[in-house]
Every structure is written in structure tokens, then in C-alpha cells.
Amino acid sequence: MPKSPAPTVRVANWSARHPWPAIGIWAALIIACVGLGAVTGTNQLQGKDGWVGEQGRAAALADAAGLTPQPVEKVLITAKTGAWDRSAADAAAADLSRRLAPFGAITTRATQKALLVKVTLRVHGKTATKQLPAMLAQTAAAQRAFPRLDLAETGTVSTGSAPGEQLGKDLARAETITLPVTLVILLVVFGGILAAGVPMVLALTSVFAAMGLYAAASYVFPDAGGAVANIVLMLGMAVGVDYSLFYVKRVREERERAGDTISHETAVRVAAATSGRAVVVSALAIVVTMIGLYLADDAIYSSVATGTILVVLVSAVSSLTVLPAILAKLGTRITRQRRFRHRVANGFWPGLLRPVMRRPVATLALAVAGLVALSLPLGAFRIGQTGADTYPRSLPAIANYHQLVAVFPDEGYSFLVVAKAADSRASLAKLATLTSANPLFVGRPEIRTAGDTSTLTLPAPYGLNDSRATQALTLLRTKLLPEAGVTGSFGVTGEIARALDYVSHQRQRTPLVIGFALLATFGMLLLAFRSVPIAIAGIFLNLLSYTAALGAVVLVFQNHWAEKLLGFESVGFISDRVPLILFVILFGLSMDYQVFVVSRIREAAQRGVPTRQAAYDGVASSAGVVTIAAVIMVSVFASFLFVGLTEMKEIAFGLALSVLIDAIVVRVMILPALLTLLGEKSWWPAKIRLPGGEKTPGHPVSLSTRVRPGG
């Protein structure tokens, strides 16, 4: 009884035989997904979604009592030029207060050289954000009325909105870079606008569909904002183009191998059985790895995982369904290859691989040593929290924030102590007295009460990552609160407490995410290739790529030497979310190349070629397409280096470098050298056998065999 074709082959067969229905179904699916997103809208992340630890419990107590601090906008009035004119400043403050009074309660403060107008808003969240443009317009009008003064607005809403707004603008700019660069690369590779355009269109439609689905999914996993959109676009373009590229190049290779004697439909079926399978395994590997981010128990990581999973699945579906239909419909017009490039590739990769295969020990030692050297900066690795004091000062609200705290240090961050007990107000009053005698706390504390719940606001004149912030929080929680006799339900929240508790929460959850990713990688490779050494090697190589890439991120972004080159301001640490996001995405993307390259090696071994020769043939036949795919991925990731936020630059730089390392150093040098040394043990416990059933011989072979790269 003949063996039933694999599902990927059956789907490809149907799509190739019915191209227009397949294309129509795909178009309808895209429209449905985009329409779904338009109907549902996006559920944005709320402050309470980020509550963790003691600060989360304290914030919940304050919220239940209606004592959550209202957002405050602040306008600092200073002399723009010349001497400080207090009468003019008073007039400007009066005019500004009149303009801003409809938005909230007005209070003022003054020094000998500055005046501060504070507006405590009556609304929270999205409503406050919607009011911000009108407030900024009123401040701008007051600025025009008093041109000799400088009116600088900042505050809770301004500093919270500025990074997201900038990210939106940067996303549009990244798109204008990504799309033409990717198209140019594809034009060089395929030699025709039609062949280059198809992967681009499929990748973009996959991104549109995934974003529509993500909007609906955000009601389960709230949207973390522009960061997710950036990551979905980056990965959607990179993975979507890669999957199409692998498929199209395999169709070309099969026709080339057969001397154009097989039909185009037959070549599509072969590609479905080989590259199609690799696409499925790669997509599932990325999905399974990204599931580990949910174990972080963090709303932002969950939103990143959801967006990534959706765009990878949609990209895989497009390459397995509508792509075979397009290839069948357009025929050789899309798979025709320019011969001169093929001849160059035919000589380049074998020439590069021969010394690797002949000296595997030296190759392995040098390559591993190089990656270990790149990892050395991890010895100085520092993690920190991003906030108003660390965002780029190119953002007006952030520059104004720094100007404000330079004049009024106690107008920056603050601790919020919350207590729920019958004597809560009295105990917090005693706590305020205790803190007034300590230099770690400055400014005027404020007590508010509602029922049996009271809050104490303690200004904190330092940044999120200042060692004094940790010292003050620890002192509050371990010594001052007990001394003040605070009882019942109580805790400390506020920006600093939230940042430090978040880092502590991450440290507890990170081992779970890493452990899951390692097990998932091992399990997927073992399932795909039935080989323990291949699975172990996959984990080892991924860790090597990751530590090298993260070491380079530390070298670049914790120091100042690359600031002008990459357009950022170093804050002396790496954003706390970057290492884990890099780890999970890199492990997922590494599976893309691992599965594709090892699949080609295994195909050769199953044809009866000894492992040493199979490694040579498999890498030589796939190195070209892997490198092209890597160049496309790198170009996509590199375009996001133009994003203003340093955190996104760190992610983009780390991903771009890790892809280059993985595609060139790991897959073309370390992997074939490792398989050469392992020989037939590479496939243990599986038995790779000759077609007649005889076990593959392990004798050495010549590496002079001519291979036809599929790249």
C-alpha cells in the first residue's frame, strides 16, 4: 500500500491544482483578520497589569480606597534669556493657570530663579492621554504670549506618552527603510521584480493578518504598545521572507538538479515535502520557544509572545498554502535563475567549506574561542529599569523632566506608602516624622485618608537605578515601617518600588523561561531528527550565539564609544527586558537555520552518503540560501536601529548580530566541523541506512564531489 503524502505535500498539491481558489481564500483570510482587528480594537495595557510583589499589593489597596495618585502635569517657568524677571514669571503663571484650570486643580511653587505650575488632573489613563494635546496647546499659547520666558511642560502623562509617540514615528521610518532594502536584496537574489515581490507581499500580508488577530487577542493578553508592533513587524518581515525564500529556492534547485526535465508542479511538490517540512518544524519550534515567555508572568512578555506566535504561524501558513498556488500559476517566470550567480555560488561555498571539513578541530576551536571572546563583556553586565530619567533627552517631555528635577529635586519620583488599619493615619504620620530626619527622604510628605486606608507620599530625589533608591526602599520596608507601628495590610509602591520589585520578580521567573526554552529546543530537535547529539548541539550552539550577541550588546550600549554611531545616550546598563526577549527570540530564530541546514544534511545521509560527506553536501547546498536569508533578516533588524528608544536599539542590534553569527559562524563553520568529528554518531540513536537497508559506512570520503547549492 503506497505511503500517504505528508500534509504539507497534500496542501501544496491542492493549492497548485487550484491556484485561484487558494489565492482567493488567502485574500479573504487577510481581509477577515484585518477586519476583526478593526472591529475589536486593541485592548491597551493598564497600570494594574504590571503590578507585582509588594508594590502590586500596595497599589491594589490604594486603588480599592480610591487613593491612587492622580496624574500631574507640571510646567517649569524659567528665564529664556537675560535676567530673571519675577513679575513677568508671575504673570505667565497666572495666564497659564487660567488656561489649564479646566483640566484640574492648580498649585504653584517658586524658587529665586524658577516658578512651577502643577495641574493635578481629574482623570486617569486613556482619558488623561487624550487631554494631553489640548494641554500642550495651551502651554504653547502661553509660551507665545511670554516669549522671553521658557515654559517647559512635563509630568506623568507627558513622560508616559512621549516614548510611545516617538516609537510610532520611528516605526513608520523603519518601514520606509525595511521595505525598499528588502526588495533590493530580493531583486539581487532572484533577478526579477516578480520573484522579489512575491515574498515581500506574502510577508506584509502576514504581518497585517497577524496584527488583526493580535488586536482581538489583546483582550486576553493586553497590548504593551508600540514595542509589540515593532517586534511583530521585525519578525514578520524576517520570517515571512525567509520561509518564502526557502521554498522558492528549493523549487529552483529541484528543476536545476533534474536539468529542467521535471514539471514545475513536480518541483513544487518536492519543495513541499522538504522545505515545507522544514518550515513547519521551524515555525513550531519558534512557537513552542515563545510559549516560555508566558512563564515570566509579565503582561509585556505575554503580549510580545502572543504577537510573535501569531505572525510566525500566519507566515508559515502563507508559505505552505498560497505560495505553492502562486508558484504554480506563475511557473518559471518566478523561479527562473540567473546562471552567472548560480555559477559563483557553486564555487564559493564549496571552496569555503573544504578547509573547514579538512581541519574540523582547528575550525571548531577558533570559532568557539572567537564567540567566547565576544561574550567576555558579560563580566561587566548591568541590568536597569527604563523610565523618565533614562529615556532619550531628545524627547521634549524627557528633556523638560531633567530640567525640572534639576530645579526641584523632589518633583521627580516618590514612594507611596499604603496602610489599611483603624490607626493607619496616625501610624503614617509617625512614619513621616521618622523619614523627615533621614537624608534619603526630602521634600514635603503628604498624607491622604479614605475610610480605614491612608497613603503617605514621600518624594525620592534620585533615579530608578540610583543605589540610594534601593537603600531608601529597603530602609522603609525593613526598619521604618515597623518602627512607626504600621499594622494591618500595608506596603510601599510608587515608581521606584515598582521598578525594583519588577526586577526581583524577573529574577525569580527567568530560570523558568530559560529552562523551558532549553527543553523546548532539545525536544523539537529530537522530534525532528531523532538524534540526541543533534539536539544537544542545538542547545550548545544557540547558547553560544546568544552569549556572544548579548556580550556585544553590553560592549556597545553600556559604554559611550558607539553613541554617535548608533544615535543613543548610554545609561550605563542594559534594559531589564532585553536579555530575556533576546534569549527567547534568538532561540526561536536559530531553529529556523538549524532545522533547514540539518534537514539538508540528513537528506544526504538518508541517500547513503556518509555523515562527513553529508555535512559537506548539506551545508554547501544550503549555505547560500541561509546566508541570503540572514542578510534579509539583518537588514530588517538593522532598520530598527534608527528607532529612538535605546531599548529597541538594543533588541535590534542583538538580533541582527546574533543572526549573522548563527548563519555564518555557527551553521557554516561550527556545525559541519562538529558533525565531521562526530561522524555516524551524529544520528544516535537513529540508524541512517542505505536504500537497500545496509547501514551507512563510516569510511572517509573525498570532498571533491561537486554539489549544486540550493542557495
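Just above, that's the structure.
Here is what the cut-offs are and how they apply
- Residues numbered from 1 in each chain as written.
- Predicted model: local features only at pLDDT ≥ 70, side-chain atom pairs only at ≥ 80, totals over all residues.
- Heavy atoms only, no water.
- Helix = DSSP H or I, 4+ residues; strand = E, 2+ residues; numbered from the N terminus.
- Buried < 20%, exposed > 50% of the residue type's maximum accessible area, 1.4 Å probe, protein only.
- Areas by Shrake-Rupley, 256 points an atom, 1.4 Å probe, with all protein chains shown as cover.
- Lys, Arg positive; Asp, Glu negative; His and termini not counted.
- Charge placed at Lys NZ, Arg CZ, Asp CG, Glu CD.
- Pairing = 2+ DSSP bridges.
- Axes fitted to C-alpha atoms, helices over the stretch in contact; angles between N-to-C directions.
- Contact = heavy atoms within 4.5 Å.
- Salt bridge = Lys/Arg side-chain N within 4 Å of Asp/Glu carboxyl O.
- Phe/Tyr/Trp six-rings, centres within 6.5 Å; stacked < 30°, edge-to-face > 60°.
- Expected span 1.5 Å × (residues − 1).
- Arc of directions from axis to C-beta.
- Parallel < 35°, antiparallel > 145°, perpendicular 65-115°, else oblique.
- Nonpolar A, V, L, I, M, F, W, Y, C, P; charged D, E, K, R; others polar.
- Patch = residues over 30% accessible without salt bridge, like charges linked within 9 Å, V, L, I, M, F, W, Y side chains within 5 Å.
- Core = buried A, V, L, I, M, F, W, Y, C linked by side-chain atoms within 4.5 Å.
- Bend = angle between axes of the 7 residues up to and from the residue.
- Left-handed = near helix turned anticlockwise from the far one by under 90°.

Turning to the overall build of the protein, a few remarks are in order. Looking only at helices and strands, the protein features 23 helices and 10 strands. Taking the principal axes of its C-alpha atoms as reference, the protein extends roughly 95 × 50 × 50 Å. Here the protein, with 711 residues, has 56% of them falling under the buried criterion. Just so you have it, the protein exposes about 28,500 Å², and 63% of that area is on carbon and sulfur atoms. Charge separation in the protein, taken as the distance between the mean sites of 65 positive and 42 negative side-chain charges, equals 10 Å.

This part covers the pairing of strand β6 (residues 413-420). A large share of β6 lies buried, amounting to 7 of its 8 residues. Looking at chain direction, β6 and strand β9 (residues 489-494) are connected through 6 bridges and run antiparallel. Note on β9: the bridge partner recorded for A419 is F490.

Pairing in this open sheet of 4 strands is antiparallel, and the strands run β7-β8-β6-β9 from one edge to the other. Among the strands making up the open sheet, the edge pair consists of β7 (446-450) and β9. Across the sheet, the mean angle separating the axes of adjacent strands is 20 degrees when strand polarity is ignored. Both β7 and strand β8 (residues 453-460) contribute to a ladder of 5 bridges, which runs antiparallel. Of the residues in β8, the one forming a bridge with R448 is T455.

All right, on to the sheet that holds strand β1 (residues 72-79) then. Ordered in space as β2-β3-β1-β4, the 4 strands form an open sheet in which the pairing is antiparallel. In the strand order of this sheet, the two ends are held by β2 (104-110) and β4 (149-155), each with one partner. Neighbour-to-neighbour, the strand axes of this sheet turn through a mean angle of 20 degrees, independent of strand direction. One ladder, built from 7 bridges, connects β2 with strand β3 (residues 115-121); its direction is antiparallel. Residue pairing across strands places I106 opposite V119, the latter belonging to β3. In the packing of helix α4 (residues 86-100) onto the sheet, the strands contacted are β1, β2, β3 and β4, and the crossing angle to β3 comes to about 10 degrees. Contacting β1, β3 and β4, helix α5 (residues 125-145) runs over the sheet at an angle of about 170 degrees to β4.

Moving on to the environment of A114. Tracing the chain through its elements places A114 in the loop between β2 and β3. Counting along the chain gives 28 residues from A114 to R86, while the straight-line C-alpha distance between them is 8.3 Å. Ignoring sequence-local partners within four residues, the contact set of A114 consists of L76, I77, T78, W84, R109, V407 and F408.

Close approach of charged atoms allows side chains of opposite charge to pair. Summed over the entire model, instances satisfying the criterion amount to 14 salt bridges. Ionic pairing is found between D90 and R86, a salt bridge with its closest N-O pair at 2.9 Å. Of the two residues, D90 and R86 are both situated in helix α4; the distance of 4 residues between them amounts to about one turn of the helix. In this structure, R250 engages E603 in a salt bridge whose closest nitrogen and oxygen atoms are separated by 2.7 Å. Taken as a pair, R250 in helix α8 (residues 226-257) and E603 in helix α21 (residues 578-606) lie far apart in primary sequence, 353 residues in all. Comparing R250 with E603, the two get one shared label, buried. Salt bridges linked by common partners bring K74, R109, K118, D410 and E411 together as one network.

Our focus in this paragraph is the packing of aromatic side chains. Applying the stated rule across the entire model yields 8 aromatic pairs. Centre to centre, the rings of F557 and F568 are 4.7 Å apart; their planes meet at 45 degrees, and the pair counts as tilted. With a gap of 11 residues between them, F557 in helix α19 (residues 532-557) and F568 in the loop between α20 (563-566) and β10 (574-575) connect regions that are remote in the sequence. You can call F568 buried: its relative accessible area is 6%. These aromatic residues form a ring-pair network of at least three members: Y546, F583 and F587.

Of all the 7 residues making up β4, 6 are buried; the element is thus mostly covered by neighbouring parts of the structure. Relative to β4, β1 is paired through 7 bridges, and the arrangement is antiparallel. Following the sheet pairing, E73 is matched in β4 by G155.

Time to look at unusual backbone geometry. The amide bond that connects W684 to the next residue, P685, takes the cis arrangement and shows omega of 5 degrees. Within the secondary structure layout, P685 lies in the segment after α23 (646-678). In the Ramachandran plot, D297 falls in the positive-phi region, its phi being about 55 degrees despite a non-glycine side chain. Counting through the fold element by element, D297 comes out in the loop between α9 (264-291) and α10 (299-320). Despite not being glycine, R530 has its phi angle at roughly 55 degrees, a positive value. Within the secondary structure, R530 sits in the loop between α18 (495-529) and α19.

Turning our attention to helix α14 (residues 360-375). If you check α14, its first and last C-alpha atoms are 22 Å apart, about what 16 residues at 1.5 Å a residue would give, namely 22 Å. For α14, the complete set of buried residues consists of P360, T363, L364, A367, V368, L371 and S375. The buried residues of α14 occupy an angular sector of 110 degrees when projected down its axis, which confines them to one face. Facing away from the buried side of α14 by more than 90 degrees, the exposed set consists of V361 and L366.

Another point: the packing of helix α17 (residues 467-483) against α18. α18 packs onto α17 with a crossing angle of 95 degrees between their chain directions and a minimal axis gap of 10 Å. Taken together, α17 and α18 sit at an angle that is classed as roughly perpendicular. Along its contact with α17, which presents A469, T470, L473 and R477, the element α18 presents I496, A497, L500 and D501. Of the residues in the contact of α17 with α18, the class split is 5 nonpolar, 1 polar and 2 charged.

Taken together, the side chains of L187, I193 and L194 make up a nonpolar region of the molecular surface, amounting to roughly 250 Å² of accessible area. By secondary structure assignment, the location of I193 is in helix α7 (residues 193-217). Looking at I193, the relative accessible area reads 57%, which means it is exposed.

Ranked by internal contacts, the top residues of the largest apolar core, which has 157 residues, are M234, Y247 and F637. Grouped together as the second largest cluster of nonpolar side chains are 29 residues, F415, Y462, A469 and A499 included.

In this section: α18. Given 3.6 residues per helical turn, the α-helix brings residues three or four places apart onto the same face. Here α18 spans 49 Å end to end across 35 residues, near enough to the 51 Å set by a 1.5 Å rise per residue. Considering bend angle alone, the principal kink of α18 is centred on R509 and spans about 35 degrees; proline P511 follows within four residues of it. R530 occupies a position one or two residues after α18 and carries a positive phi of about 55 degrees.

The interhelical angle for the contact between α9 and α21, taken along N-to-C directions, is 155 degrees, at an axis separation of 8 Å. It follows that α9 is roughly antiparallel to α21 by the angle criterion. Relative to α21, the crossing made by α9 is right-handed. Residues T274, S275, R277, A278, V281, S282, A285, I286, T289 and M290 of α9 touch α21, and the partners they reach there are V584, I585, F587, G588, L589, M591, D592, V595, F596, S599 and E603. Per-class residue counts for the contact of α9 with α21 are 12 nonpolar, 6 polar and 3 charged.

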